[in-house]
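Examination of the molecular architecture
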2 protein chains.
Amino acid sequence: MNTADLGLPVDVPSTALFTDQYEFTMLQAALRAGTAHRRSVFEVFTRRLPEGRRYGVVAGTGRVLDAVANFRFDADVIAFLREQDIVDSATLDWLASYRFSGDIQGYPEGEVYFPGSPILRVEGTFAECVLLETVILSILNHDSAIAAAASRMATAAGGRKLIEMGARRTHELAAVAASRAAYVGGFDSTSDLAAGFRYGIPTVGTSAHAFTLLHDSERDAFRAQVDSLGRGTTLLVDTYDVAEAVRTAVEIAGPELGAVRIDSGDLLLVAHRVRQQLDELGARHTRITVTSDLDEYAIASLAAAPVDAYGVGTQLVTGSGHPTCSMVYKLVARARGEGPDAPLEPVAKKSVGGKASVGGRKWAARRPDAEGVAEAEVVGTGPVPDGLVHHQLLVELVRGGEIVAREPLDVPRERHRAARGALPMSATQLSRGEPVLPTEYV
Amino acid sequence: MNTADLGLPVDVPSTALFTDQYEFTMLQAALRAGTAHRRSVFEVFTRRLPEGRRYGVVAGTGRVLDAVANFRFDADVIAFLREQDIVDSATLDWLASYRFSGDIQGYPEGEVYFPGSPILRVEGTFAECVLLETVILSILNHDSAIAAAASRMATAAGGRKLIEMGARRTHELAAVAASRAAYVGGFDSTSDLAAGFRYGIPTVGTSAHAFTLLHDSERDAFRAQVDSLGRGTTLLVDTYDVAEAVRTAVEIAGPELGAVRIDSGDLLLVAHRVRQQLDELGARHTRITVTSDLDEYAIASLAAAPVDAYGVGTQLVTGSGHPTCSMVYKLVARARGEGPDAPLEPVAKKSVGGKASVGGRKWAARRPDAEGVAEAEVVGTGPVPDGLVHHQLLVELVRGGEIVAREPLDVPRERHRAARGALPMSATQLSRGEPVLPTEYV
């Protein structure tokens, strides 16, 4: 497995090493103390949304399930842990047969969340649950940040097509996960072929300025592209003079030209001029795609412009100002004693500096008002009040170590659209504000 | 290769699909037009530093070399491109035997850079060079953003130990690259075992609040940890009452206790109190590690506190406000004509809205003043002035497709320390300002 010489982007064959060292040292100490097998409940939640955001979007759940299923220790990983003296041999023996055998419930992917929402609940022995902390948080914190930005952009785009184009602005594999999260949040396609390969997301892309510059003239470049890709292609028209490029483009491709792309300048102004010019040239069905450092505000500001599609890069894959969420993975209850029947007790760290946790195994429900619009995120321990039973948010994801909730990516995408649609109207405001639902603890 | 069912984090066996679709459609059109084999020069540069930053840090170069070496198209990738109808069969035939055979020069990893610095220069045919755009930018934009944040934190830490702890706040594989970039930027160790496994970075970690909460008392938890990990371990002392925890910790481990970790509260105040308490208890050599949403400013504000090590997470792996760089990959020159002797001509997109490029194949040198302190980044085309010949920045990385500049990770780490040390004093100011060196074009 030591493929360092090959230089492949990853030579970690399982997800077991996407883990902070302290998970393993805690395991070793707990195994020795005899406390490692106490029944335990860990929950993922966030104490606050990113500043000014109205709602969060759960994304990455499907990837979490994959990560849990593949969290195992083959000989090479065990050898590494031994050579580096990370844990003792008793712990290595225990790890060699590791398979998560507990239960996971959580908000289904695409669902929205609020401060305190128990987004994921992992139950089993302390030993088997504690090890999963880092990889679960990595996935949910990253993917949910991207999905939240995507969701805001989808609102701003108001039904126009959104293309994810951010691969070059983030880690090459984070980019693949970002495409996936963007799709859940409402994007339609991606430029990233690895995302198409891995997740089946529709891919798009035609040409860059380099293609025009390669040729002796813009005319040569457009002709080469149309000859090869057909009249339905998208020609990039801002390498030199936009008006001249549009004229040349329609001359070469005819009014069947698929689209033109504008990547610089005052997009609002240029889009209007290009639309007018295309219409005058008879290319009434030629679409206009704009790209160039767009974010949800720029997209919203183009609502009145004759734009058909937005390509979004940097601001999408960096979460539009919030590249991560602040989700944490906390022990909220554990058995006092080692037996399977030892009663669960709620536990929580002392609150200092806002790092408060609410102990106890939780349920959550979204309470609708008389019109069916959500009015509160209700989180509690103990029995669920009768009126809320049908509005519970957590679903079963893993039962006794078996994944029970795999789903194609269109399902969380549609789920997100529905969940966002059931929020109060203020959820669609891009301006900074408070979460649109209060979290009530009962 | 379709391991989707296994759910491994990556099932892309080469780096060839970390690529925007338009690279392939440009390739197809250029192959058909007969222009694909024109000799071409692409350069990576950035038009500006992130707002307020004084210098940039080149990181990821080693990963770029790996990515170039592994950029190839096996049968599964070709089958995907065919099934999805991304390119025609002539292009697929060309791709099947793809190996980069050109030359790459660039700023060596760890070097600092400024607006306009030609950070990487890729030369070969248009076809072989254009395909590398996305993966090269992904790596450099991500890794350099992390390294720049790490470098500022290293300056702020003033020689105290820095531990990278951000895995849970970013994509699980971006985290591995982030550990690597942080190490180049000046960090000493990481909590991320995958980074230790892949890059040999020293790993550290002991325990979390969950470990204390698992046990019936803090005393039980500390005893379990010390029994298992020895007196030299680091005990986390802020789960309940810090003063009581410190007393218990020294009682159990004795004055040989390795360290205590504080993860909440007013770190300046708490560190002073804990130091005093430890000293009074005779634990004069017990170190203090602080963690809790640190960034370079928080680290600097603790300069007068008795702190021995800083653990940094979120702000490090998200680039401390700048999670990506704005590096671009632009065609700056290409042959007019197809033969190997066709003369190179500079090319550049028309400047609109700040998207200016300077055409032509470039050199770069850092001009020192009489005291040897850098005073300007000089970038030019054509012959290098005599006085600058010995201060040139680009080094050979790939020659005729062969990597010629692999180096162990300590080399760019030390290179960065030296390069930062040769900058004007204002480079170490954390406050916002202009780049510490002007870029002069000659």
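Each value, and the rule that gives it
Residues numbered from 1 in each chain as written. Chains lettered and ligands numbered in written order. Predicted model: local features only at pLDDT ≥ 70, side-chain atom pairs only at ≥ 80, totals over all residues. Heavy atoms only, no water. UniProt positions renumbered as here; feature names shortened; annotations may be inferred. Helix = DSSP H or I, 4+ residues; strand = E, 2+ residues; numbered from the N terminus. Buried < 20%, exposed > 50% of the residue type's maximum accessible area, 1.4 Å probe, protein only. Contact = heavy atoms within 4.5 Å. Buried area = accessible area lost by both parts, 1.4 Å probe. Salt bridge = Lys/Arg side-chain N within 4 Å of Asp/Glu carboxyl O. Polar contact = N/O pair within 3.5 Å; in protein donor to acceptor, adjacent residues only side chain to side chain. Nonpolar A, V, L, I, M, F, W, Y, C, P; charged D, E, K, R; others polar. pLDDT = per-residue confidence, 0-100. Pairing = 2+ DSSP bridges. Right-handed = clockwise from strand over helix to strand, strands pointing away. Axes fitted to C-alpha atoms, helices over the stretch in contact; angles between N-to-C directions. Expected span 1.5 Å × (residues − 1). Least-squares fit on C-alpha atoms with pLDDT ≥ 70 in both. Phe/Tyr/Trp six-rings, centres within 6.5 Å; stacked < 30°, edge-to-face > 60°. Lys NZ or Arg CZ within 6 Å of the ring centre and 35° of its normal. Domains from an automatic or database assignment.

An unreviewed UniProt entry lists chain A under the name Nicotinate phosphoribosyltransferase, with Streptomyces tsukubensis given as the organism. The UniProt entry for chain A carries the following text under Pathway (unreviewed entry): "Cofactor biosynthesis; NAD(+) biosynthesis; nicotinate D-ribonucleotide from nicotinate: step 1/1." Note on chain A: under the UniProt heading Sequence similarities (unreviewed entry), the record states "Belongs to the NAPRTase family."

A word on the environment of Cys 129 of chain B. All names here are of chain B. Mapping Cys 129 onto the fold places it in helix α5 (residues 126–130). Judged by relative accessible area, which is 0%, Cys 129 ranks as buried. As for Cys 129 and Ser 207, which are separated by 78 residues in sequence, their C-alpha atoms are 47 Å apart.

Turning our attention to the interface of chain A and chain B. The interface is formed by 111 residues belonging to chain A together with 109 residues belonging to chain B. With both chains or domains summed, chain A and chain B bury close to 9,300 Å², and 59% of this area falls on carbon and sulfur atoms. Counting every contact that joins chain A to chain B gives 10 salt bridges. As a salt-bridge pair, Glu 133 of chain A and Arg 168 of chain B come within 3.0 Å of each other at their nearest N and O atoms. Where chain A meets chain B, there are 58 residue pairs in polar contact (both at pLDDT 80 or more). Broken down by element, the side of chain A that touches chain B gets its largest block of residues, 11 residues, from helix α1 (residues 21–33) of chain A. Residue composition of the side of chain A that touches chain B, grouped by class: 49 nonpolar, 34 polar and 28 charged.

Time to look at the pattern of salt bridges. Pairs can form between side chains of opposite charge once their charged atoms are near each other. This model, assessed by the stated rule, comprises 59 salt bridges over all chains. Ionic pairing is found between Arg 63 of chain A and Glu 172 of chain B, a salt bridge with its closest N-O pair at 2.7 Å. Placement of Arg 63 of chain A in helix α2 (residues 61–69) and of Glu 172 of chain B in helix α7 (residues 172–185) is noted, with the two residues assigned to different chains. Across the pair, exposure class does not vary: Arg 63 of chain A and Glu 172 of chain B are buried alike. Here Arg 366 of chain B makes a salt bridge to Glu 377 of chain B, at a shortest N to O gap of 2.8 Å. In this pair, Arg 366 of chain B is assigned in strand β14 (residues 362–368) and Glu 377 of chain B in strand β15 (residues 374–381), connecting sequence segments 11 residues apart. Judged by its relative accessible area of 0%, Glu 377 of chain B is buried.

Here we take up the confidence of the model for chain A. Residues and elements named next belong to chain A. Overall, the prediction assigns chain A a mean pLDDT of 94, with 96% of residues at 70 or greater. In this model residues 1–12 is a low-confidence stretch, pLDDT under 50, and it forms 32 contacts with partners more than four residues away in sequence or in other chains. Both confidence scores are given for the complex: pTM 0.96, ipTM 0.96.

Residues and elements named next belong to chain A. On strand β9 (residues 259–262), burial covers both faces: Ala 259 and Arg 261 on one face and Val 260 and Ile 262 on the other are all buried. Note that strand β8 (residues 234–236) and β9 share 3 bridges and pair parallel. Across the sheet, Thr 234 pairs through a bridge with Ala 259, a residue of β9. Between β8 and its parallel partner β9, the chain crosses via helix α11 (residues 242–253), and the hand of that crossover is right-handed. Inspection of the sheet shows β9 paired to strand β10 (residues 287–291) by 4 bridges, in the parallel sense. Paired with Arg 261 across the bridge in β10 is Thr 289. A crossover links β9 with its parallel partner β10, the connecting element being helix α12 (residues 267–280), and its sense is right-handed.

Moving on, we come to the sheet that holds β8 of chain A. Within a sheet, adjacent strands bond to each other through the backbone by hydrogen bonds, running parallel or antiparallel. Residue and element names in this part refer to chain A. Ordered by their spatial adjacency, 6 strands build an open sheet running β7-β6-β11-β10-β9-β8, and the pairing between neighbours is parallel. Edge positions in the sheet fall to β7 (189–190) and β8, since each has one partner strand and no second. The strands touched by α12 are β9 and β10; relative to β10, the strand with the most contacts, the crossing angle is about 160 degrees.

On to the UniProt feature "domain: Nicotinate phosphoribosyltransferase N-terminal" (unreviewed entry) in chain A, then. Residues annotated in UniProt with the feature "domain: Nicotinate phosphoribosyltransferase N-terminal" (unreviewed entry) correspond here to residues 17–141 of chain A. Taken as a whole, residues 17–141 of chain A contains 42% helix and 18% strand, while its terminal C-alpha atoms sit 18 Å from one another.

A few words now on helix α11 (residues 242–253) of chain B. All names here are of chain B. Its 12 residues give α11 an end-to-end C-alpha distance of 16 Å, which sits within 8% of 16 Å, the value for a rise of 1.5 Å per residue. What α11 keeps buried is the set Ala 245, Val 246, Thr 248, Ala 249, Val 250, Ile 252 and Ala 253. On its buried face, α11 sits against α10 (218–229), β8 (234–236) and α12 (267–280). Between the side-chain oxygen of the N-cap and the backbone nitrogen of Ala 243 there are 3.4 Å, and the N-cap of α11 in question is Asp 241. In the stretch just after α11, Gly 254 is the one whose phi turns positive, near 80 degrees.

A few words on the relation of the copies chain A and chain B. After a rotation of 180 degrees and a shift along the axis of 0.0 Å, chain A superposes on chain B with an RMSD of 0.0 Å. Such a combination of turn and shift is consistent with a two-fold rotation axis. Taking the C-alpha atom as reference, chain A places Ala 174 of chain A closest to the rotation axis, 3.0 Å from it.

Attention shifts here to the packing of aromatic side chains. Residues and elements named next belong to chain A. A full pass over the atoms with the stated rule returns 16 aromatic pairs over all chains. Centroid distance Phe 24 to Phe 73: 5.8 Å. Interplanar angle 90 degrees. Geometry classified as edge-to-face. On the criterion of sequence distance, the pair formed by Phe 24 in helix α1 and Phe 73 in the loop between α2 and α3 (75–83) is long-range, its members being 49 residues apart. A single burial state applies to Phe 24 and to Phe 73, both of which are buried. For Arg 180, the ring lying beneath its charged end belongs to Tyr 199, and the centroid distance is 5.4 Å. The ring centre of Tyr 183 lies 4.4 Å from the NZ or CZ of Arg 413, which sits over that ring.

This brings us to the pairing of strand β1 (residues 39–46) of chain A. Residues and elements named next belong to chain A. With respect to burial, β1 is a largely interior element, 7 of its 8 residues being buried. By the bridge criterion, 6 bridges tie β1 to strand β5 (residues 120–125) in an arrangement that is antiparallel. Note on β5: the bridge partner recorded for Phe 42 is Val 122. Inspection of the sheet shows β1 paired to strand β12 (residues 327–335) by 7 bridges, in the antiparallel sense. Within β12, the position partnered with Glu 43 by the bridge is Lys 330.

The next point concerns the domain arrangement of chain A. Residue and element names in this part refer to chain A. Along its sequence, chain A is carved into domain 1 (35–60 + 103–145 + 322–441) and domain 2 (155–321). Computed from C-alpha atoms alone, the centre-to-centre distance between domain 1 and domain 2 is 37 Å. If you look at the interface, domain 1 gives 19 residues, while domain 2 gives 22 residues. Three residues, Leu 409, Arg 413 and Leu 430, lead the burial of domain 1 against domain 2; their summed loss comes to 41% of the area buried on that side. Linking domain 1 to domain 2 there are 2 salt bridges. Salt-bridge contacts for Glu 109 lead to Arg 180; the nearest nitrogen and oxygen are separated by 2.7 Å.

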